Amino acid sequence: MLVVMDPIGLAPVFIGLAGNRPAFERRAMAFKASVVAGVIILAFGLFGRALLTRLGISLDSFRVAGGILLFLIALDMVFARSSGSKETPDEEKEAQQREDISVFPLAIPLIAGPGTLASIMILASDAHGSPVLLTAVFLVTAAVLLLCYLALRLSGQIARIIGLTGVHVVTRVLGVLLGALAVQYVADGIRGFFIQGT
């Protein structure tokens, strides 16, 4: 969840979108965005598997699709490109002029993006209904969400301390880790297909 949600990478984006707003307004937006993203992630973690079943999609298919999607996001992170899964240039321009940016694009898709939602559904499903494992997944996700909130709150200080180069270095390292995680998701999904076929 840490590499998918990328708290450090949120800081410069938040500065670009809300850097000219008063500090109290930035704090309120950071809190609202974190809460909205948390509700969405929780909903996908709890009810995502039922949704897949309803749509007739196997978990292994979702693992492969989610892995491919995460790998594309990882490539964007490694090469410091603007990710198509985040927002288009037109959406980013509109966000800078919008009054409240906490729900879109902060909560969705910057924090609770497709990669995050795919990951929480896969991790929750891997818990196999165990309350202990499921609780652990949600606690870890809540901790990462807290880091995202802190990154938004302290975005100005983070950008000053590590600079743009530092943000790019951290994002690229996380991108490599995310790429490896994506390959593992795809491998697990393909292995599941073979197990079902035998």
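A brief structural summary. Nothing here was measured: the structure is a model prediction, and the numbers come from that model.

## Concerning the overall build of the chain
Moving on, step 1. Scanning the chain from terminus to terminus reveals nine helices and zero strands.
Moving on, step 2. For the chain, the N- to C-terminal ordering of α and β elements is α-α-α-α-α-α-α-α-α.
Moving on, step 3. Looking at the chain residue by residue over its 198 residues, the buried ones come to 43%.
Moving on, step 4. A sequence separation of at least 24 residues applies to 85% of the contacts in the chain between residues at least 6 apart.

## Observations regarding the nonpolar core
Moving on, step 1. Among the nonpolar cores identified, the biggest contains 43 residues, and Met5, Leu106, Ile111, Leu152 and Leu178 are the most heavily contacted of them.
Moving on, step 2. In this structure, methionine 5 is in contact with Leu10, Ile41, Ile111, Thr116, Val144, Leu145 and Cys148, ignoring residues within four places of it in sequence.

## Observations regarding helix 8 (residues 131-153)
Moving on, step 1. Relative to the 33 Å expected for 23 residues at 1.5 Å per residue, helix 8 spans 32 Å between its end C-alpha atoms, a close match to the ideal helical length.
Moving on, step 2. Listed as buried for helix 8 are Val137, Phe138, Thr141, Val144, Leu145, Cys148, Tyr149, Ala151 and Leu152.

## Thoughts on the pattern of salt bridges
Moving on, step 1. Per the stated rule, a full pass over the model turns up four salt bridges.
Moving on, step 2. Taking the shortest distance from any N to any O, the salt bridge between aspartate 60 and arginine 63 comes out at 3.2 Å. In this pair, aspartate 60 and arginine 63 are both assigned in helix 4 (residues 59-78), three residues apart and thus about one turn of the helix distant. An identical accessibility class is assigned to aspartate 60 and arginine 63; each is buried.
Moving on, step 3. Among the salt bridges present, the one from arginine 63 reaches aspartate 126, with a minimum N-O distance of 2.1 Å. Residue arginine 63 is found in helix 4, and its partner aspartate 126 is found in helix 7 (residues 114-126); the two are separated by 63 residues along the sequence.
Moving on, step 4. Looking at aspartate 126, the relative accessible area reads 29%, which means it is partly exposed.

Definitions and limits used
Residues numbered from 1 in each chain as written. Predicted model: local features only at pLDDT ≥ 70, side-chain atom pairs only at ≥ 80, totals over all residues. Heavy atoms only, no water. Helix = DSSP H or I, 4+ residues; strand = E, 2+ residues; numbered from the N terminus. Buried < 20%, exposed > 50% of the residue type's maximum accessible area, 1.4 Å probe, protein only. Contact = heavy atoms within 4.5 Å. Core = buried A, V, L, I, M, F, W, Y, C linked by side-chain atoms within 4.5 Å. Expected span 1.5 Å × (residues − 1). Salt bridge = Lys/Arg side-chain N within 4 Å of Asp/Glu carboxyl O.

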